[in-house]
Amino acid sequence: MTTPVAERPSAKPAIDESELLRDDLTPLIRGTALGARILARSTTRVRVEGPTAAIPTSGPVILAANHISNADPVILGAWLTPRLGRRIHWLGKKEMFDWPIVGWMARNGGVVPVDRASADIEAFRLAQRVLEAGHVLVVFPEGTRSPTAELQTPKDGLAMLAMRTDATIVPIGISNTDKVWPKGRFLPTPGRHATMRIGEPFRVGELLPPGIDRKSAKALATALIMRRIAALLDPRHRGPYADAAAADPSI
């Protein structure tokens with residue numbers, strides 16, 4: 001008889017799903033968004049462009065944005081939380097849950113812990129449940145901050161989430177935050193400018209050719225999403241999507 005091997009306990013933090021799947025704006029979330037706006041406005045001139053009123057106020061929504069700086073989630077959450085009036089859920093590295101205060105805020109602020117060192121199936125399933133419950137989820141398709149401030153090769157998780165949940169995707173292009181809060185700096189650099197552009201919402205399922213196989217659909221959906229993000233960015237951030245975005249961002 002083979003001796004069963006004990007399962008190695010997960011290093012990821014335990015998450016209360018009943019708390020994670022809430023959609024209301026608690027005092028903590030409202031206060032965090034307000035604090036983020038005060039911080040951003042005191043150090044940076046932020047311009048928000050695009051049809052924020054077109055972002056759905058109900059049903060599953062994916063806010064898909066590029067990621068070039070620590071300032072990106074600050075600006076995104078600070079401006080879109082009050083405008084949407086909905087809780088924004090986030091994918092965050094699991095290590096932040098171990099930090100004092102920040103960890104408590106993450107547990108109670110709609111953050112899904114992600115193990116960035118592996119293909120985190122558990123985090124993907126949690127993110128899928130967030131969307132299936134009809135909530136808003138922020139996804140940075142590249143998975144981490146770009147070291148060059150240009151778009152990087154994306155992960156395929158966003159396309160899979162979009163196809164499995166039929167969530168509305170809102171492309172978001174954030175420009176010049178790499179100069180506001182460069183990697184390695186503890187605090188933002190005062191006096192800089194940043195722009196967040198909101199694109200038209202869409203569903204990938206409505207744009208994919210009928211009868212396309214799953215592998216091709218995933219690749220095509222990823223390209224479509226990244227082109228639409230690229231079209232919202234200042235040219236220096238577009239990287240490998242520069243020509244595609246300029247020619248036809250809708251695919």
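Keep in mind that what you see is a predicted model, and the values were worked out from it rather than measured. (Residues numbered from 1 in each chain as written. Predicted model: local features only at pLDDT ≥ 70, side-chain atom pairs only at ≥ 80, totals over all residues. Heavy atoms only, no water.)

Draft legend 1. Structural context of the sheet that holds strand β6 (residues 168-175). The seven strands are arranged β1-β7-β6-β2-β5-β3-β4 in an open sheet whose pairing can be described as mixed. This sheet does not close on itself; its edge strands, each paired only once, are β1 (44-49) and β4 (111-114). Across the sheet, the mean angle separating the axes of adjacent strands is 25° when strand polarity is ignored. As paired elements, β6 and strand β7 (residues 192-198) share four bridges and run antiparallel to each other. Bridge assignment links G173 to a residue of β7, and that residue is R197. Contacting β2 (61-65) and β6, helix α8 (residues 214-231) runs over the sheet at an angle of about 40° to β6. (Pairing = 2+ DSSP bridges. Helix = DSSP H or I, 4+ residues; strand = E, 2+ residues; numbered from the N terminus. Axes fitted to C-alpha atoms, helices over the stretch in contact; angles between N-to-C directions. Contact = heavy atoms within 4.5 Å.)

Draft legend 2. Spatial organisation of the environment of V139. Here V139 shows up in strand β5 (residues 136-139). The buried category is assigned to V139, whose relative accessible area is 5%. In sequence terms V139 and P210 are 71 residues apart; their C-alpha atoms lie 26 Å from each other. Not counting residues within four places of it along the chain, the set of residues in contact with V139 comprises I62, L63, A64, A65, L91 and L158. (Buried < 20%, exposed > 50% of the residue type's maximum accessible area, 1.4 Å probe, protein only.)

Draft legend 3. View of the pattern of salt bridges. Per the counting criterion, the structure on display carries 13 salt bridges. Residue E19 is joined to R87 by a salt bridge in which the shortest nitrogen-to-oxygen separation is 3.5 Å. Of the two residues, E19 sits in helix α1 (residues 17-20) while R87 sits in the loop between α3 (71-84) and β3 (88-93), which places them 68 residues apart along the sequence. Pair check on accessibility: E19 and R87 agree, each one buried. A salt bridge links D24 to R22; its shortest N-O distance comes to 2.6 Å. (Salt bridge = Lys/Arg side-chain N within 4 Å of Asp/Glu carboxyl O.)

Draft legend 4. Looking closely at the packing of helix α6 (residues 157-165) against α8. At a minimum axis distance of 8 Å, the contact between α6 and α8 shows a crossing angle of 105°. Here α6 is positioned roughly perpendicular relative to α8, judged by the angle of their axes. Together, L158, A159, M160 and M163 of α6 and A217, K218, A221, T222 and I225 of α8 make up the contact between the two elements. In terms of residue class, the contact of α6 with α8 is built from seven nonpolar, one polar and one charged. (Parallel < 35°, antiparallel > 145°, perpendicular 65-115°, else oblique. Nonpolar A, V, L, I, M, F, W, Y, C, P; charged D, E, K, R; others polar.)

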